[in-house]
Amino acid sequence: ERWTLTIQDAEATVHHTRFYQVSTRAPLAEGETARVHLYNNAYTNVTDWTVGAACSAQLRLEGSGCEHVAVATRLSTCGDSEERGLINAVDGGNVYRDGTATHVGADGSEPGDDVFVPDYAYDLESATDAWSRAILRAGAGGPWAVPLSL
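In this report, the structure presented in the accompanying data block is examined. Keep in mind the model is a prediction, meaning the values are calculated, not measured. (Residues numbered from 1 in each chain as written. Predicted model: local features only at pLDDT ≥ 70, side-chain atom pairs only at ≥ 80, totals over all residues. Heavy atoms only, no water.)

**With respect to the overall build of the protein**
Next up, step 1: The helix and strand inventory of the protein stands at one helix and 11 strands.
Next up, step 2: In the protein, the succession of α and β elements from N to C terminus is β-β-β-β-β-β-β-β-β-β-β-α.
Next up, step 3: Its C-alpha atoms give the protein a radius of gyration of 15 Å, within 12% of the compact-globule value 15 Å for 150 residues.
Next up, step 4: Here the C-alpha coordinates of the protein stretch approximately 45 × 40 × 30 Å along the principal axes.
Next up, step 5: Here the protein, with 150 residues, has 45% of them falling under the buried criterion. (Helix = DSSP H or I, 4+ residues; strand = E, 2+ residues; numbered from the N terminus. Rg over C-alpha atoms; globule rule 2.2 N^0.38 Å. Buried < 20%, exposed > 50% of the residue type's maximum accessible area, 1.4 Å probe, protein only.)

The following block contains the structure:
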């Protein structure tokens, strides 16, 4: 399978990233201490669920876009616990194209759970602007490539 990323019991920020033709977990946040902030990302051609939270993990999704994805967000429990993950897809801040506004694990609407607020400054672009920028600059050696200095 083409799983992308599982972030377990860790804090992470993922931004201005293109997730293209993956099956799922872009990413999955898992575990009671997981705090994952996703912003200004582009998700295209995801065959299963796109971003998910499980086992009390907290995930904040904002300024991102989904196109041709089976499921935009997924909330789930752990095998050994009934504690489900939490997602706040910040209201009005994300774009769902081509009928991709499917959300699984709660009432079917865009999740607005009470999750952490980042304690750092960041420049949030609109989902539409970020979409174009992430796709244009994606890939190794792209315009955002930074030389490695040792």
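**Some details on the state of the cysteines**
Next up, step 1: One pass over the structure, following the stated rule, counts one disulfide.
Next up, step 2: Between Cys55 and Cys78 runs a disulfide, and the two sulfur atoms are separated by 1.4 Å. Of this pair, Cys55 sits in the loop between strand S6 (42-54) and strand S7 (58-62) while Cys78 sits in the loop between strand S8 (65-76) and strand S9 (86-89); the two residues are 23 residues apart in sequence, bridging distant segments of the chain.
Next up, step 3: Taking relative accessible area as the criterion, Cys55 reaches 12% and is therefore assigned buried. (Disulfide = S-S within 2.5 Å.)

**Re the sheet that holds S7**
Next up, step 1: Ordered in space as S2-S5-S7-S9, the four strands form an open sheet in which the pairing is parallel. Each having just a single partner strand, strand S2 (11-15) and S9 make up the two edges of the open sheet. On average, each strand axis in the sheet is inclined to that of its neighbour by 10°, with strand direction left out of account.
Next up, step 2: Here four bridges tie S7 to S9, and the two strands are oriented parallel to one another. (Pairing = 2+ DSSP bridges. Axes fitted to C-alpha atoms, helices over the stretch in contact; angles between N-to-C directions.)

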